[in-house]
Amino acid sequence: MDEERQALLEFKHGLIDEGDQLASWVEENSNCCSWTGIVCDNFTGHVEKINLPGNCHTNDIIPGKDYEECLKRRLKGDLSPSLLHLKQLKHIDLSSNDFGGIHVPRFMGSLGKLRYLNLSSSNFGGSIPPQLGNLSELRILCLGSFLDKDLESTSIMNMKWLSGLGFLHHLDMSGINLSKAVDWLQVINTLPSLVELHLSGCKLSNMHPHVRSHNLTSLSLLDLSFNFYHESIMPQWIFNIASLVTLDISWCHFLDLDHSGIDIFHNLTSLEFLHISGNNFMNSSLVLKGLSKSVGSNLISLDISSCSVSSSDLDALHNLTSLLSLDLSKNQLTRTIPKSLGNLCNLRHLHLAENNFSNISLESLLEIFFECHPSSMESLSVESTKISGQLPHALGEMIYLEILQLGNNRIAGMIPYSIGRPSFLRVLDLDENLIFGQIPNSIGELSSLEWLDLSDNRLNGSLPNSLGQLSRLIGLDISNNFLNGVVAESHFATLARLHYLDGFNNNLTLRSHQENLIPSPRLVFLSLSNWNLGPHFPIWLQKHKNLEYLEISNTGISSPMPETFLRSLTGLRYLDMSQNHIQGMLLSIPSAIKVLDLSYNDFGGQLPKLLSDSSISNLDLSYNSFKGSLGRLLCSSGGEVLKVLNLANNLLSGLIPECWVKFPNLSFLYLANNNLSGRIPTTLGFLSSLRSLNMCDNKLSGRLHVSIQSLTKLRILQLARNELVGNIPAWFGRELLSLSILNLRSNNFDGHLNHQLCNLTKIQILDLADNNLSGNIPRCLNNFNVLNGKENTPKGLFEFSPDEDMHTSDSASFVTKGQEYTYGNILGLVMILDLSSNEFSGSIPSELMALQALQSLNLSRNQLMGKIPENIGDLKLLESFDVSMNHLSGELPTSLSSLSFLSSFNVSFNNLTGRIPTNTQLQGFNESSFMGNKLCGEPLTKSCAVVTPDRDQEEEDASNGADWGLIISIVSGFIVGFWVVLLPLIVSTSWRIAYFSFLRKMWYIVCDAIRKYSCKVLHK
C-alpha cells in the first residue's frame, strides 16, 4: 500500500492542480483510498480506480466567474509513469481535463488489467500510441471528444492495434482524425463484442459503400455523424446491422442509396433512435414510406432535419405510434403536420424551425396538439419559419412544456395571460416578432423559468412587478422594445441567480441611488443602454464583481466616474459608456478589458497608459476633450493585441510619435479632427494589418512617405484637410491595390495624376478635390471596376468583427450635392468621383461615361474645355453632376434627359449655348444651376428665339412684286395654244377651208343677233 501511495503522490507531482482538487492527496493522510477520486478494492485494499474527470463543458455553464472556477478544476501538466506501480488498476477516467496537447503516454499500454480508459475531451495531441492495443482486458475505451470535437488534435494513422481488444464493447474516437485510417471498417469488423461505436467527426475518407457483410452482430449504437464522405451513396452494410437500436449518420451528406426500393430499413427491426439530418436521400416519399412500413412503429426519436423534405414528401410518413421526439427543422415544409404521421399526442419534443410557414397561422399549426388532453409536449421549436397569427391562449394548456421557442417570426398580438400556466417552463423565447402590449403579470407564475427572451418586439408599458418572483431566472432579454416606466427593487427582488440582463433600447428609468438594486452576485452581462440612469453615476454597479460585459451608453449620466470604478470590476471585459456626459480623467486601462468605448463624453486630461499585460483590442475615446501628446498612450507597452484605436475629435496636439511598431495587429486607426502636426510617421508602415486610416482635419504636412506603400491591406485612406504637399505617388497604383476609398481632399498636392492610379480597380470613392492638381484627367479612370459596374463591393467590406464582443463599422464624410454627408452603414453603396477645385485642363474624357455605377461626379472649378460628352446619359445612376466654373462650350447633350435619378445639377459659369434639354429633372432645378452661360429654355426666364414668317408682309410682297412663275405659265400657255391652232391650218388645205367656212358662219350668226336686238330696242 505504501508503494501505491507513493506512486499516486508522484503522479500528483506531475499534475498542475489550479482548483486544488487533489488537496487530500498528502502524505499525512496515509489512507490513499480516502483520497479524492481514488477507489480501492474492498478486500485487497489495492487501488482499482482513478476517477478524476474535469466535468466542465462550455455548454453547461454561462461564462463568468463560475465558468472560470470550473476551468480551474481541470487538471493540467504531465501524466507520470508511476501509475505502473498500481498493479491492480482497472479504471482510469481523466476526461474533460486540459493536458495542453501532450501525447497520450505510451506507458498506458502496459497497464494490463485496465478495463476502463477514458481520456476524452482532455486536449491531447499527436498520434494515439498503438501500445494501447496491449490492453487486452479493455471493455471501454474513450479517446475522442464527444462534446468538443473541434478541440481535439489527435490522430490515428493505422487502426490495426485495435484488433487485439477482443473484449471491447464501447469505443469512442469522436473527433480523432482518422482520414489516413482507410482500413477502419475492416478493423472494426474484428471486434465482435462491440456494442457502442462513436466515430463522429473523424474525417473518415472511405465509407466502403460496396461492402455488404459485417461481423457487428452485437452493435447497438453506431454514430458516424459529421463525416463528409467523398462518396454520395449511402452504403448497404449499415442497413444490415439488425441489432442496431441507435443510428446516427447526421451530416454525412449522402445523396442517394446504392439500390432502389422502399424497404431499405426492413432489417433494422430493433431501431428506436434514427438521426439522419443533413442527408438528402431522405427527401423521397418512397424512402419515408418504407421507413414507416419497416420500423415506424418502433421509432422513439427521429431526426430528419436539413434533408430538403417537402410537405408532400412528409405525407408519406405514417405509423410512428411510439414517437416521442421529432426533428423536422431546416426543411421545405409549408403545411401543417399530417395527423396520419402517428399518435401526436404522445409527442414530447417537436422541432420545426427554419421551414416556411408563411401561409399558415401559429394556431392552425398547433391545433392538432391543442386537441390532446393533456398534451405531452415538453419542448416546441418553431423559430424562423415566417409564421404569423397570434399567440394562442391554448398554449397555457401545454402544462408539461419546458421549452417554447417561437422567435424570429411574424407573430403579432398580445402575450396571453395563460402563458403563466406551464409551471415546468424553463425557456420562453418570443424574440423578433411583432408582439405588442404589456408583459402580463402572469409571467411571474412561471416558477421554473430560467431564460426569458422578449427582445425585438413592440412591447410597451412598464415591467410587471411579478418579474421579481422568477427566482430561478438566469437570463432576461427585453431589449429593443418600447417599455417605459420606473424599474424598482421589486422587479429584481429574488433574482439571485441572474447572469444575463439585456434591456438595451427601452425608455425605462432606474433608481440608481439604491445600492443593491439588482441583488444577483452572479451577474455577468448587463446592458441598459438608452435607459435613464443619470444624472448621477450608478455607483451600485461596483458591487457586481463578476460583471464581464457592461453597456450603459446614452443613459443621461453627467457626473464624474469614480476613480475606483474600473479597478473594482476586475473581471470586466467589455465596457460601453458612450454618448453620455461623464467627466473625469482616465489614468490607465485595466489589463482585463478587451473593449472600451467612452466616446461622446466629457473626459479630459492626458490620454491613459496601456499596461504591459493589457488585453485591450478595441479602444474608442473619440469625441472627448483629451489633450496633449499621443506619446503617453502610443509609446507605452501593451498594444500588441489592439485592433481598433479611435482618438478622433479630441484636443490632441503635437507630432505623431514613431511608436507604431508596438501595434502589429492594428486594423483601424482614427486620429481625425485634432491639432496634430508634422509629418506622417515613417513607422506607420509597420502596421501591416491596417485596413482603415483616418487622419483628416489636422495640420499634417510634408510629402506622403514611401512607408505607406507597405500598408497593402489598406481599404480606406482618409487624409483630407491637412497641409500635405507634392505629387500623389505612383506607388498608390502599384501597392495599395485593396483601396476602396481614397480621400485626399483639401491639401496642397500638385502635378499630374499618374496613370498608375488607374490600377486601383476596387475604388468606389475617389476624392481629390481642392488641391493644385493639373494636366489632363486620365482617360484610363474607366478601369475602376467597381465604378464601372463590373465588380460589386463585397458585403461587410467596411465591417470588422474579430470576436463576438466587438463590432466596428467604418464611416467617412464626403461632399456631394453641395453639402458634406457622413456615411456609415451604407458606405459600401456610395460611389463618388470628385476632382473639383483643381487646375485640370483639356476636355472631359468620354471614357468617364463608362463609370455606370457612379452616383456623384464633380469636376467643377477647373480649366476644362470642349463639350460635355454626348453619352453622359449612360451614367444612369447619377444623382449629382457638377461641372460649373470651367470653360466648357457647345450645347447640353440631349442624353441628360435620361438621368432620372438626378437631384443635384450645376453647369453654371461656362460657355454653353443652346436649348436646355427637356427633362423633368432639369426643368426642376434652380436658374442658378445654369447661369453664366448662353442657354435658353426652362427653367431659365430667357426663351429660345424661333423665326416665324409675317403673314401681312407676305401679302404685300405678293401684290407689289413680280410673280415670275405666273408670267412664265401664261406665256407658255399662249405659245402652245397659238401653234396648236395655227399649225394644222398651214399644213392642211381642207382644214383651212373648213376653218374659214366655220368663221364665216359664226360671223353671220353674230351679225343677225345684233340686228334683231337693235330692232327690238327701237320698237320700244
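No experiment lies behind these values; they were computed from the predicted model shown.

**Some points on the overall build of the protein**
- Helix and strand content of the protein: 13 helices and 65 strands.
- Counting only residues that meet the buried cut, the protein has 51% of its 1020 residues in that class.
- Long-range contacts, defined as pairs at least 24 residues apart, comprise 59% of the intrachain contacts of the protein with a sequence gap of at least 6.
- Entry remark: accessible area of the protein is about 44900 Å², with carbon and sulfur atoms responsible for 51%.

**Things to note about the side chain of Ser-301**
- Within the fold, Ser-301 resides in strand β17 (residues 301–303).
- The class for Ser-301 is buried, based on a relative accessible area of 10%.
- Reaching out from Ser-301, the side chain makes a polar contact with the side chain of His-275 at a distance of 3.1 Å.
- Excluding its chain neighbours within four sequence positions, the residues that come into contact with Ser-301 are Glu-272, Phe-273, Leu-274, His-275, Leu-323 and Ser-325.

**A few points about the sheet that holds strand β22 (residues 412–413)**
- Taking strand neighbours across the sheet as the criterion, the 5 strands line up as β22-β24-β26-β28-β30 in an open arrangement whose pairing is parallel. Two strands in the sheet have a free side with no partner beyond their single neighbour: β22 and β30 (507–510).

**Re helix α1 (residues 2–13)**
- Under the 1.5 Å per step criterion, the end-to-end length of α1 is 16 Å for 12 residues, consistent within 8% with the ideal 16 Å.
- Every buried residue of α1 is listed here: Glu-4, Arg-5, Ala-7, Leu-8, Leu-9 and Phe-11.
- Against β1 (15–16), β2 (38–40) and β3 (47–51) lie the buried residues of α1.

**A look at the state of the cysteines**
- In total, this model carries 5 disulfides according to the counting rule given.
- Between the sulfur of Cys-33 and that of Cys-40 lies a disulfide, 2.0 Å long from S to S. Measuring the twist about the S-S bond at about -100°, one finds the Cys-33-Cys-40 disulfide to be left-handed.
- Across a sulfur-sulfur distance of 1.9 Å, Cys-635 and Cys-659 are joined as a disulfide pair. Judged by the torsion about the S-S bond (80°), the Cys-635/Cys-659 disulfide is right-handed. With Cys-635 in the loop between α8 (631–634) and β41 (644–646) and Cys-659 in the loop between β42 (651–655) and β43 (668–670), this residue pair connects regions lying 24 residues apart in the sequence.
- Owing to a relative accessible area of 12%, Cys-659 belongs among the buried residues under this scheme.

**Some remarks on the pairing of strand β28 (residues 482–487)**
- Two strands pair when backbone bridges link them, and strand β26 (residues 458–461) and β28 are joined in this way by 2 bridges, in the parallel orientation. The residue of β28 that forms the bridge with Gly-461 is Leu-483.
- In this sheet, β30 lies alongside β28 in parallel orientation, the contact comprising 4 bridges. By the bridge assignment for β30, Gly-485 is matched with Leu-508.

**Some thoughts on a nonpolar patch on the surface**
- A contiguous nonpolar patch, built from Ile-399, Tyr-400 and Phe-424 and spanning about 270 Å² of accessible area, is present on the exposed surface.
- If you trace the backbone, Tyr-400 turns up in the loop between β20 (379–381) and β21 (403–405).

**As for the pattern of salt bridges**
- Throughout the structure, instances matching the rule amount to 13 salt bridges.
- One salt bridge in this structure joins Arg-721 and Glu-820, with 3.5 Å as the shortest N-O distance. Here Arg-721 is found in the loop between β47 (716–718) and β48 (723–726), whereas its partner Glu-820 is found in strand β56 (residues 819–823), with 99 residues between them in sequence.
- We classify Arg-721 as partly exposed; its relative accessible area is 25%.
- The exposure class of Glu-820 is partly exposed, given its relative accessible area of 46%.
- Residues Glu-847 and Arg-779 are paired through a salt bridge, measuring 2.9 Å at the closest nitrogen-oxygen approach. Of the two residues, Glu-847 is situated in the loop between β58 (839–843) and β59 (856–858) and Arg-779 in the loop between β52 (772–776) and β53 (799–803); the sequence distance between them amounts to 68 residues.
- One salt-bridge network, in which partners are shared between bridges, spans Asp-697, Arg-721 and Glu-820.

**As for the packing of aromatic side chains**
- Inspection of the entire model under this criterion finds 19 aromatic pairs.
- With a centroid separation of 6.5 Å and 5° between ring planes, the pair formed by Phe-603 and Phe-626 is classed as stacked. Of this pair, Phe-603 sits in strand β37 (residues 602–605) while Phe-626 sits in strand β40 (residues 625–628); the two residues are 23 residues apart in sequence, bridging distant segments of the chain. For the pair shown, Phe-603 and Phe-626 are each scored as buried.
- On the numbers, 5.7 Å between centres and 20° between planes, the contact of Phe-905 with Phe-925 is stacked. With Phe-905 in strand β63 (residues 904–906) and Phe-925 in the loop between α10 (920–923) and β65 (934–936), this residue pair connects regions lying 20 residues apart in the sequence.

**Considering the side chain of Ser-155**
- With respect to the helices and strands, the residue Ser-155 is situated in strand β9 (residues 153–155).
- Residue Ser-155 is classed as buried on the basis of its relative accessible area, which comes to 18%.
- Those residues in contact with Ser-155 that sit more than four places away from it in its chain are Gly-126, Ser-127, Ile-128, Ile-176 and Asn-177.

**Regarding the confidence of the model for the protein**
- Within the protein, residue pLDDT values average 88, and 88% of them lie at 70 or more.
- Confidence drops under a pLDDT of 50 for residues 953–959, and excluding neighbours within four residues, the segment shows 1 contact in the predicted structure.

**Describing helix α4 (residues 285–295)**
- Along α4, the residues classified as buried are Val-287, Leu-288, Gly-290, Leu-291, Ser-292 and Val-295.
- Those residues of α4 that are buried are in contact with β15 (256–257), β16 (273–275), β17 and α5 (311–314).
- The opening residue of α4 is Ser-284, an N-cap whose side-chain oxygen sits 3.2 Å from the backbone nitrogen of Leu-286.

**Let's talk about the environment of Asn-123**
- Mapped onto the secondary structure, Asn-123 falls in the loop between β6 (116–118) and β7 (125–127).
- Separated by 24 residues in sequence, Asn-123 and Phe-99 have C-alpha atoms that sit 5.5 Å apart.
- At a separation of 2.8 Å, a polar atom in the side chain of Asn-123 contacts the side chain of Asp-98.

**Some thoughts on the environment of Met-931**
- Looking at where Met-931 falls in the secondary structure, it is placed in the loop between α10 and β65.
- Along the primary structure Met-931 and Phe-909 are separated by 22 residues, whereas in three dimensions their C-alpha atoms are 6.2 Å apart.
- Excluding residues that lie within four positions of it along the chain, Met-931 makes contacts with Ser-908 and Phe-909.

**A few points about the environment of Leu-766**
- Along the chain, Leu-766 falls in strand β51 (residues 765–767).
- Separated by 66 residues in sequence, Leu-766 and Ile-832 have C-alpha atoms that sit 6.2 Å apart.
- When residues no more than four places from it in sequence are discounted, the contact partners of Leu-766 are Leu-742, Phe-784, Ile-832, Leu-833 and Asp-834.

**A word on unusual backbone geometry**
- For the bond from His-373 to Pro-374, the omega torsion is -5°, close enough to zero to count as cis.
- Looking at the element boundaries, Pro-374 is found in the loop between α6 (362–370) and β20.
- In this structure, the amide linkage connecting Glu-938 to the following residue, Pro-939, adopts the cis form with an omega of 10°.
- Within the secondary structure, Pro-939 is located in the loop between β65 and α11 (951–960).
- Not every positive phi belongs to a glycine, and Tyr-623 is a case in point at roughly 55°.
- Considering the arrangement of structural elements, one finds Tyr-623 in the loop between β39 (618–620) and β40.
- Of note in the backbone geometry, Asn-649 takes a positive phi value of approximately 60° without being a glycine.
- Relative to the assigned elements, Asn-649 resides in the loop between β41 and β42.

Definitions and limits used
Residues numbered from 1 in each chain as written. Predicted model: local features only at pLDDT ≥ 70, side-chain atom pairs only at ≥ 80, totals over all residues. Heavy atoms only, no water. Helix = DSSP H or I, 4+ residues; strand = E, 2+ residues; numbered from the N terminus. Buried < 20%, exposed > 50% of the residue type's maximum accessible area, 1.4 Å probe, protein only. Contact = heavy atoms within 4.5 Å. Areas by Shrake-Rupley, 256 points an atom, 1.4 Å probe, with all protein chains shown as cover. Polar contact = N/O pair within 3.5 Å; in protein donor to acceptor, adjacent residues only side chain to side chain. Pairing = 2+ DSSP bridges. Expected span 1.5 Å × (residues − 1). Disulfide = S-S within 2.5 Å. Patch = residues over 30% accessible without salt bridge, like charges linked within 9 Å, V, L, I, M, F, W, Y side chains within 5 Å. Salt bridge = Lys/Arg side-chain N within 4 Å of Asp/Glu carboxyl O. Phe/Tyr/Trp six-rings, centres within 6.5 Å; stacked < 30°, edge-to-face > 60°. pLDDT = per-residue confidence, 0-100.

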